[in-house]
Protein chains: 2
Amino acid sequence: MKLSKRILSMQSSPIRKLMIYAVEAKAQGKKVYHLNIGQPDIVTPKPFMEAVRKFDEDIIKYTASKGEDFLIEAIVNYFKVYNVDLKEKDIIITNGGSEAIMFSIMAICNPAEEVLVFEPFYTNYNGFTQATGVECIPVTTYANQGFHLPKKEEIVKKITKKTRGILISNPGNPTGVVYSKEEMDLLAEIALEYDLFIIADEVYREFIYDGLEFTSFGTIKKIENRLILIDSVSKKYSACGARIGCVASKNNELIANILKLCQSRLCVPLLEQIGSAALYRMDISFLADTKIEYNRRRDLTFACVSEIPNVICRKPTGAFYMIAKLPIKNAEDFVKWLLSDFSVNNETVMFAPAEGFYGTPGLGKDEIRIAYVLNEDDLKKALNILKLGLEQYLKLVK
Amino acid sequence: MKLSKRILSMQSSPIRKLMIYAVEAKAQGKKVYHLNIGQPDIVTPKPFMEAVRKFDEDIIKYTASKGEDFLIEAIVNYFKVYNVDLKEKDIIITNGGSEAIMFSIMAICNPAEEVLVFEPFYTNYNGFTQATGVECIPVTTYANQGFHLPKKEEIVKKITKKTRGILISNPGNPTGVVYSKEEMDLLAEIALEYDLFIIADEVYREFIYDGLEFTSFGTIKKIENRLILIDSVSKKYSACGARIGCVASKNNELIANILKLCQSRLCVPLLEQIGSAALYRMDISFLADTKIEYNRRRDLTFACVSEIPNVICRKPTGAFYMIAKLPIKNAEDFVKWLLSDFSVNNETVMFAPAEGFYGTPGLGKDEIRIAYVLNEDDLKKALNILKLGLEQYLKLVK
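Numbering of residues begins from 1 in every chain and follows the order in which that chain's sequence is written. Labels are handed out in written order, letters beginning with A for the chains and numbers beginning with 1 for the ligands. Local features are withheld for residues below a pLDDT of 70 in this predicted model, meaning they are given only at 70 or higher, and side-chain atom pairs are given and counted only at 80 or more; totals for whole chains, interfaces and linings count all residues. For the side-chain quantities, the full set of heavy atoms in the structure was used; hydrogens and water were omitted.

K.L.:
I would appreciate a short explanation of the sheet that holds strand β9 (residues 312-313) of chain B in the present structure.
P.N.:
Remark on secondary structure: sheet strands pair via backbone hydrogen bonds, oriented parallel or antiparallel. Residues and elements named next belong to chain B. Overall, antiparallel pairing links the four strands, which are arranged β9-β10-β13-β12 in an open sheet. What marks the edges here is a single partner per strand, and that holds for β9 and β12 (352-353). Bridging between β12 and strand β13 (residues 367-371) involves two bridges; their strand directions are antiparallel. Note on β13: the bridge partner recorded for Pro353 is Ile368. Sheet strands in contact with helix α11 (residues 285-307) are β9, β10 (321-325) and β13, and its direction is about 5° off that of β10. Any two strands with at least two DSSP bridges between them are considered paired. Numbered from the N terminus, helices here are DSSP runs of H or I no shorter than four residues, and strands are runs of E no shorter than two. Residue contacts are counted whenever heavy atoms from the two residues lie within 4.5 Å of one another. Only the stretch in contact is used when a helix axis is fitted, and all axes are lines through C-alpha atoms; the angle between N-to-C directions ranges over 0 to 180 degrees.

K.L.:
What's the story with the relation of the copies chain B and chain A in this structure? I'm lost.
P.N.:
For the pair of chain copies, the relating operation is a rotation around an axis with a shift along it. Each copy of the sequence occupies a distinct position, and chain B is placed on chain A by a rotation of 180° and an axial shift of 0.0 Å, giving an RMSD of 0.0 Å. Here the copies are linked by what is in effect a two-fold axis. For chain B, the minimum C-alpha distance to the rotation axis belongs to B:Arg53 and amounts to 2.6 Å. Most of the interface of chain B is mirrored in chain A, where 100% of its interface residues again form contacts. Overlaid copies result from least-squares superposition on C-alpha atoms, with residues included only where pLDDT is at least 70 in both.

K.L.:
Which parts of the structure should I look at to understand the state of the cysteines?
P.N.:
A covalent bond between the sulfur atoms of two cysteines is what we call a disulfide. Residue and element names in this part refer to chain B. The disulfide criterion used throughout: a pair of cysteine sulfur atoms within 2.5 Å. On inspection of all chains with the given rule, the structure shows zero disulfides over all chains. Distance from the sulfur of Cys109, which forms no disulfide, to the nearest cysteine sulfur (Cys136) is 9.3 Å. Overall, Cys109 belongs to the buried group, its relative accessible area being 0%. You can see Cys246 has no disulfide; the closest cysteine sulfur is in Cys262, sitting 11 Å from it. Note on classification: 1.4 Å probe, protein chains only; a residue is buried when its accessible area is under 20% of the maximum for its type, exposed when over 50%, partly exposed between these limits. Its relative accessible area of 0% is what places Cys246 among the buried residues.

K.L.:
Is there a simple way to think about the interface of chain B and chain A in this case?
P.N.:
Note on interface size: it is often stated as the accessible area lost on association of the parts. In this assembly, 84 residues from chain B lie in contact with 84 residues from chain A. For any pair of parts, buried area is found by adding up, for both, the accessible area (1.4 Å probe) each one loses once the two are put together. Buried surface at the junction of chain B and chain A, both sides included, amounts to about 6,700 Å², of which 56% is carbon and sulfur. On the chain B side of the contact with chain A, B:Met1, B:Arg16 and B:Tyr62 bury the most area, a combined 13% of that side's loss. By convention in these notes, a salt bridge is any Lys or Arg side-chain nitrogen within 4 Å of a carboxyl oxygen on Asp or Glu. Across the contact surface, chain B and chain A share two salt bridges. As a salt-bridge pair, A:Lys46 and B:Asp58 come within 3.7 Å of each other at their nearest N and O atoms. Under the rule applied, a polar contact is a pair of N or O atoms within 3.5 Å (in protein, one hydrogen donor and one hydrogen acceptor; residues adjacent in sequence only if both atoms are side-chain atoms). Here chain B and chain A share 44 residue pairs in polar contact (both at pLDDT 80 or more) between them. Those elements that place two or more of their residues in the side of chain B that touches chain A are α1 (5-8), α3 (46-54), α5 (96-108), α6 (124-132), α9 (252-264) and α10 (270-280) of chain B. No other element matches α9(B), which puts eight residues into the side of chain B that touches chain A. Residue type decides the class: Asp, Glu, Lys and Arg count as charged, Ala, Val, Leu, Ile, Met, Phe, Trp, Tyr, Cys and Pro as nonpolar, and the leftover types, Gly among them, as polar. Residue composition of the side of chain B that touches chain A, by class: 42 nonpolar, 22 polar and 20 charged.

K.L.:
Got a minute to help me understand the pairing of strand β2 (residues 91-95) of chain A in this structure?
P.N.:
Within a regular beta strand, the side chains point alternately toward one face of the sheet and then the other, so they alternate between its two faces. All names here are of chain A. In terms of burial, β2 is a largely internal element, five of the five residues being buried. Where β2 and strand β8 (residues 244-248) come together, five bridges link them in antiparallel fashion. In the strand pairing of β8, Ile92 is matched with Val247.

K.L.:
What is the right way to read helix α10 (residues 270-280) of chain A from this model?
P.N.:
Of all 11 residues that make up α10(A), 11 are buried, and the element is covered over most of its length. Within α10(A), burial applies to A:Leu270, A:Leu271, A:Glu272, A:Gln273, A:Ile274, A:Gly275, A:Ser276, A:Ala277, A:Ala278, A:Leu279 and A:Tyr280.

K.L.:
I tried to follow the packing of aromatic side chains on my own but got confused; where do I start?
P.N.:
How two aromatic rings sit relative to each other is given by the distance of their centres and the angle of their planes. Within 6.5 Å between ring centres, the rings of Phe, Tyr and Trp (the latter by its six-membered ring) count as paired, and their orientation is classed by plane angle as stacked under 30 degrees, edge-to-face over 60, tilted in between. Under the definition given, this model contains 36 aromatic pairs over all chains. For the ring pair A:Phe207 and A:Phe320, a centre distance of 5.5 Å and an interplane angle of 40° mean the geometry is tilted. Taken as a pair, A:Phe207 in the loop between β6 (197-201) and β7 (227-232) and A:Phe320 in the loop between β9 (312-313) and β10 (321-325) lie far apart in primary sequence, 113 residues in all. As far as burial versus exposure is concerned, A:Phe207 and A:Phe320 are alike and both buried. With 5.6 Å between their ring centres and 75° between their planes, B:Tyr237 and B:Tyr280 make a pair best called edge-to-face. Separated by 43 residues along the polypeptide, B:Tyr237 in the loop between β7 (227-232) and β8 (244-248) and B:Tyr280 in helix α10 bring together distant segments of the chain.

K.L.:
Honestly, α5(B) in this entry has me stumped. Any pointers?
P.N.:
The periodicity of an α-helix, 3.6 residues per turn, causes residues three or four positions apart to be oriented the same way. The span expected for a helix works out to 1.5 Å for each residue beyond the first. Given a rise of 1.5 Å per residue, 13 residues ought to cover 18 Å, and the 19 Å separating the end C-alpha atoms of α5(B) matches this to within 8%. For α5(B), the tally of buried residues reaches 13 of 13 residues, placing the bulk of the element in the interior.

K.L.:
So what exactly am I meant to see when it comes to the sheet that holds strand β2 (residues 91-95) of chain B here?
P.N.:
Residue and element names in this part refer to chain B. Judged by pairing direction, the sheet is mixed, and its seven strands sit side by side in the order β2-β8-β7-β6-β5-β3-β4 without closing on themselves. Of all the strands in the sheet, just β2 and β4 (135-140) have a single pairing partner and so form its edges. If you compare each strand with its neighbour and ignore which way they point, the axes differ by 25° on average. The sheet contact formed by strand β5 (residues 163-169) and strand β6 (residues 197-201) spans five bridges and is parallel. Note that in β6 the partner of Leu167 across the bridge is Ile199. Along the sheet, helix α4 (residues 69-80) contacts β2, β7 and β8; its crossing angle with β2, the most-contacted strand, is approximately 110°.

K.L.:
Is there a simple way to think about the pattern of salt bridges in this case?
P.N.:
Should the charged atoms of two oppositely charged side chains come close, the side chains can pair. Residue and element names in this part refer to chain A. Following the criterion strictly, the structure yields 58 salt bridges over all chains and no others. For the salt bridge of Glu202 with Arg205, the shortest nitrogen-to-oxygen distance reads 3.2 Å. Of the two residues, Glu202 and Arg205, both sit in the buried class. Through salt bridges with shared partners, one network takes in Asp41, Glu293, Arg296, Arg297 and Glu376.

Here it is as C-alpha cells:
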C-alpha cells in the first residue's frame, strides 16, 4: 500500500521525534529535564479550571465554527492593551496557534506557492507548509547579528512570482529576537511593494526583556488589509494543552474564506473555549509577573550556557528560547547521547536539535534550541548536566 | 489581495452556511428546531464532566501527539465489543472524526488524486478533499434502491489510475443506509483488486435499527492493511463539542506517517481526552438505550414525513438522518423561506438542503436532509411546521 508522496516527504517534528529516547531514559528511572519543548512549568491560572468546572449544561454541543462569542469578545478586549483595534468579526478561534497558521497558509497559497521565513524559524512552519504543499523559502539570519533581519536586498532577492506572503514570529522562536519598529516597517514596505500577506505569529508578545517595547504588526495601519495576526493561550497563560488560538485580520474576505476551512472541521472544543475566555479576561498583571519570572530564567540560562567552554550563544531579548552553538559536529547525536548514555545523579536533560529550525540544508547541525521553561533550580541542574555532558562527550568523540 | 484558488473554490458547509438565517429568526423571537445538524438533544453522559472536574494538576500541558494512553486504551477495549482487534499502537487520537478523515485523505492521496464516495455523502467529505486538493469522485446511489451500492461494474468504472481509496460512511450519513455484509465484501474485493485503501467512517455504528446487525470493516481480515477506521465520541455519546475522534489502522507505516501530521498540530486538548476516556469506559448499556431512543425518533420521523403529500422518503435503517424529496424545485430557497418568512406559533424549523451532499451537479436540488436528533415532542412540532410550511410555500411558488 503506497502512501502519498506529500506525507512521506514530511519531516517528523525535531522537537518531538526524539521523545522516544526520553521515554526510554525515564523507563530506566532517569529524571529528564525537558528543555526541548516550550512547555512551561508555570501553573495555569486557576480561572481556567474554575470556569470549566462551573459548566453545567446538559450537553457538550457543537460550537460556532468561527468560535464562541464570549471568547472572541475577551480576545478583542485583550488586544486593546496592545493598541490593536480588532472587532468581533475580525477574529476566528482555532485549534491552537498551529491551526491558525495552517489555515492562513492555505488561504493565501496554492500548492507550490511560497512564503518567506527568517531562519532559524519555528520548525513547525515546515510541518504546516509541507502538509499544505507550500514552500517555506528561508532568508538566513545570523547569531552574530542577534538574528536581526538582513538588508532589504537580501530579503527581496528571495521573492519570486510564487511568493504570497511573509511568515514571521515576533518575538522569534527559536532565536529570541525582538524585531525593531524599523525592521517591521521594512517588512510592511516589502509587503506593499510585492503585494504580499504578512502572517505575524505573535504568541510570545508578552515575553520581551531589557526594557524593549513590543509593537504588534496589528498597529501598522497601511498593511491592515494584508495582515494575519496569530495568537494563542499556550505560552502566555501556560495552557499549551488547551489548544486554543485565533486568526485575526481586518481583511473580511480572508476571514470569510478561512471560515470555510473552519466549517469543514466543524468547531473547536467547547470547554477549552470557556477556560480560555477566563484567561483572556484576567488582569494583565498576571502576564507582567510571568514576564518577570522568564526574565530571571533568561538571565540564568544565558549566564550558565555562556560559561560553558566553546559554546556560542546570544542573550535573547524575547520569547523563552535560546539557540546555542556547540563545539561538536552533530547536535542530534549529542541530544540522543545525553538521553541514552549520560546522567548526573540519575538525571539528564533534553534539547531540540536546531537543524530542523533551518530551511537551508547544512545549517544548524551543531546547534541546539534551549527552552528556558523550567524554574531556576531545575534550569541550573539541567544546564549543569549540559556542561558536564558536553565535557565528557567531547572526550568520547575526539 | 488575492486569496488562494484552493480556498476560493471551497464550498461553505451546506449544513452551516444558512445558520445566519436561523440567527435572524431567533433575533426576531422565533424558536428554531434544528433538524439541519447532527447535534442530538441527548444529555452527554455525566462521567464526561465528572472526570473533567476531577482534573487537579497544576498545568494544562501539551499531550502526546498521538493522544493520551488512557484514552487509547479505553478505545481499544470499546472496539472489542465489535470484534475489532486493535492494539494501542494502531490508534491515533484526533480533533474529532473530521481531523481523522482529513489526515487519512492526506496520507493516501497527493493533490489531484481521487477517492470514491457514494453519493449522497456526508457533505464535509467535500470540505476535507477540497482543502487537501483531492477529488471526491461520486458513485450515485438511489432512494428507490434504499441507497444501497450499485453493481460492481458501476463502481469500478469510476476507478482511474488516480484513485487511491474508497471513503464510505456506514451507517450512511445522510442516507441512513446500513450496508450488508455482501456489499462490504464487494468493496473489500474491489479494494484488493485495484489496490485501494478503504476509509471507513463508522461513527454511527451504534445506530442500527430493524434488527440489522452491524459489521465493522475492521472485521474483514484480508483488507486490514488497507483499512483506515474512523471513530468519534460526537454522535454515540452526544458529545459533539468535545471534538475527540480517532484514526485506527493495522497499517503501521500509515499510522507512523499520520503521526507526522499530528506532530505538526502538536496535540489534541487534554481535558476533552480525559472526559472522552470516561465515555468510552462506560457500560455498553448506555449505547443500547440511546439506540432505542433513536429508533423511536426514526419511526416517528418517517411516519410524519411520509404523511406529507408528494414528499418521497425511505425509512432509514441506520444513523439518525433521512433524505426527503420535496415537490419543489429548490430546497435551499425553501429552507431559507422557512426560517425567514414562516412560523407556526412563532416557531420554525431548519433542515440541510441536500444538494451539497451530492458530487454530481444537479442532483439533490429538491431534497433535504432531516436529522432526527430531537425528542419526539419537538420532532412532532418541527415536522408539522414542515408540513404546513410546504403547503403554504407550494401556493406561493405556483
